[in-house]
Amino acid sequence: MRHPWSSQQFRLGALAAGRSEAIIAAAESIARDIKRRNENLPVVLTLHHLAHLVDVPIEPLQKIIFRQIDPYRVYRVKKRGTPNGAAAPPRKYRTICVPHPQLMRLQRWIAQNILNEVAPHDASFAFTPKRNLVGAAWRHTEARWLLKMDVRHFFESISERQAYWVFRTLGYTALLSFQMARLCTRLTQHGVADPRRAAGRGHTGLPYWQHPQGHLPQGAPTSPMLANLVMRSFDRRVEALAQSTGWGYSRYADDLAFSRRDGSSRGAAMHLAKAVEHELALLGLVSHRAKTSVVPPGARKVLLGVLVDSTRPALTRAFRNNVETHLYALTSPKIGAAAHRAKRGFASSIGMRRHIEGLIAFAHQVDRAYGAKLYAQFNDIDWTR
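Residues numbered from 1 in each chain as written. Predicted model: local features only at pLDDT ≥ 70, side-chain atom pairs only at ≥ 80, totals over all residues. Heavy atoms only, no water.

Draft legend 1. Main features of helix α15 (residues 349–366). For α15, with 18 residues, the first-to-last C-alpha span of 26 Å sits near the 26 Å given by 1.5 Å per residue. Buried within α15 we find Met-352, Ile-356, Leu-359, Ile-360, Phe-362, Ala-363 and Val-366. End-on, the buried residues of α15 take up no more than an arc of 155°, which puts them together on one face. Residues of α15 that are exposed and angled more than 90 degrees away from the buried face: Ile-350 and Arg-354. Buried residues along α15 sit in contact with α6 (133–138), β11 (306–307), β12 (314–315), α13 (317–331), α14 (336–344) and α16 (368–379). (Helix = DSSP H or I, 4+ residues; strand = E, 2+ residues; numbered from the N terminus. Expected span 1.5 Å × (residues − 1). Buried < 20%, exposed > 50% of the residue type's maximum accessible area, 1.4 Å probe, protein only. Arc of directions from axis to C-beta. Contact = heavy atoms within 4.5 Å.)

Rendered as structure tokens:
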């Protein structure tokens, strides 16, 4: 048990602090409910209790909950190209929201002590210890038919109301679940909140569900696991749907994949895609139809940058050529790091080094022997030239 709870010890401390029998009994009931659902979860009774556990002041947390401040640094980063080294699509950006230090500390605590104690569905492979991209690819090896789908604006489409239900189903009280959901979400169009609404006094006359709702910010430590846990019911229904029609299923964040090793048809694949779109709509999510693709028998099947048409996941030739070209240039006495950085347009040698190291780490996940060979070459690079 990661977070032991002693009702007797709590009672003695509460009585010494002058708490009433009614308050003690209510707290014990909450603790039993949390531990009954998952004995590894920490008992958290109130927002003040949470702030004490994390060692952060409560005042800024209250301002975040009332939407009086926007506690994120927001910036845009260019989306990466495809992992297999193919020609990149038109350059697009993603919005990254980095929490301010106190909120970052609290979100990390929630992620490590609450969310990571709850397993996502078996079909989910991203943001989960001991599961990764290659594990998702393994589910689709030797595929004859492959259906790939993508969820549009994945994090931004998951609301604070859905985050609330994650905490609520873990046994935390309605008020604390609401508060933690607010602390893990951000308003899409954040401005200075209406002071009457921000004060939580209800003078606007609007019910809660008609107020602007926050969403999971990409860049917050809690967003990945909250997204996985929100998607658990979807994963369960879609896996059952896929299996009932002979397809295997996996999800890697917003990338959905379906495959089968026997015969099928394009029509059957699109019928499945329509059914999956319906399931997404039930959660308020939308499929990125431009990225939906059906790969028939005889065509090369690349999933998450990995080939899955043989007995095991494999790196694409384009990926191998790309990383080997980098290493050849960097180890060549006629080129070297400085010239290669300039030719490839990297902003700095550090950025180039991290990029190539990331490619090699990806290769090592897929093919350990090949990855070890690349690491040996990488370690011989003279970065001062």
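Read on, since the account is not over.
Draft legend 2. Local environment of the pairing of strand β6 (residues 248–252). In this sheet, strand β7 (residues 255–260) lies alongside β6 in antiparallel orientation, the contact comprising five bridges. Opposite Ser-250, over in β7, you have Ala-257 as the bridge partner. Once β6 ends, the chain turns through two residues before running back antiparallel as β7, passing Ala-253 with a positive phi of about 60°. (Pairing = 2+ DSSP bridges.)

Draft legend 3. Spatial organisation of the packing of α13 against α14. Packing of α13 against α14 brings their axes to within 8 Å, and their N-to-C directions diverge by 135°. Relative to α14, the element α13 lies oblique. Where α13 approaches α14, its residues Asn-322, Thr-325, His-326, Ala-329 and Leu-330 are matched on the opposing element by Gly-336, Ala-337, His-340 and Arg-344. Among the residues forming the contact of α13 with α14, the class breakdown is three nonpolar, five polar and one charged. (Axes fitted to C-alpha atoms, helices over the stretch in contact; angles between N-to-C directions. Parallel < 35°, antiparallel > 145°, perpendicular 65-115°, else oblique. Nonpolar A, V, L, I, M, F, W, Y, C, P; charged D, E, K, R; others polar.)

Draft legend 4. Fine view of helix α8 (residues 174–183). α8 sits mainly inside the fold: seven of its ten residues count as buried. Along α8, the positions that sit buried rather than exposed are Leu-176, Ser-177, Gln-179, Met-180, Ala-181, Arg-182 and Leu-183. As for α8, its buried residues are in contact with α3 (47–54), α4 (58–65), β1 (72–78), α5 (101–113) and α7 (160–169).

Draft legend 5. Spatial organisation of the packing of aromatic side chains. Under the definition given, this model contains seven aromatic pairs. Joined through ring pairs, the aromatic side chains of Phe-127, Phe-154 and Phe-155 make up one cluster. The ring centre of Tyr-370 lies 4.2 Å from the NZ or CZ of Arg-320, which sits over that ring. (Phe/Tyr/Trp six-rings, centres within 6.5 Å; stacked < 30°, edge-to-face > 60°. Lys NZ or Arg CZ within 6 Å of the ring centre and 35° of its normal.)

Draft legend 6. Expanded view of the sheet that holds strand β10 (residues 302–303). Strand order in this open sheet of three strands is β10-β11-β12, and the pairing throughout is antiparallel. Of all strands in the sheet, those with a lone pairing partner are β10 and β12, marking the two edges. By the bridge criterion, two bridges tie β11 to β12 in an arrangement that is antiparallel. Note that in β12 the partner of Leu-307 across the bridge is Ala-314.

Draft legend 7. Summary view of the pattern of salt bridges. Considering all chains together, one arrives at 15 salt bridges under this definition. Arg-2 is the salt-bridge partner of Glu-117, the closest N and O atoms lying 2.5 Å from each other. You can see Glu-117 sitting in the loop between α5 and α6 and its partner Arg-2 sitting in the segment before α1 (7–16), a full 115 residues away along the chain. Among the residues examined, Glu-117 registers a relative accessible area of 18% and is labelled buried. The shortest N-O distance in the salt bridge between Arg-320 and Asp-367 comes to 3.5 Å. (Salt bridge = Lys/Arg side-chain N within 4 Å of Asp/Glu carboxyl O.)

Draft legend 8. The arrangement of the side chain of Glu-277 in detail. Among the structural elements, Glu-277 can be located in helix α12 (residues 266–282). Residues in contact with Glu-277, not counting those within four places in the same chain, are Met-149, Ser-287 and Arg-289.

Draft legend 9. A look at the state of the cysteines. Under the criterion given, the structure shown has zero disulfides. Residue Cys-97 stays outside any disulfide, its sulfur separated by 13 Å from that of Cys-184, the closest cysteine. Taking the relative accessible area as the measure of exposure, Cys-97 reaches 3% and is therefore buried. We classify Cys-184 as buried; its relative accessible area is 0%. (Disulfide = S-S within 2.5 Å.)

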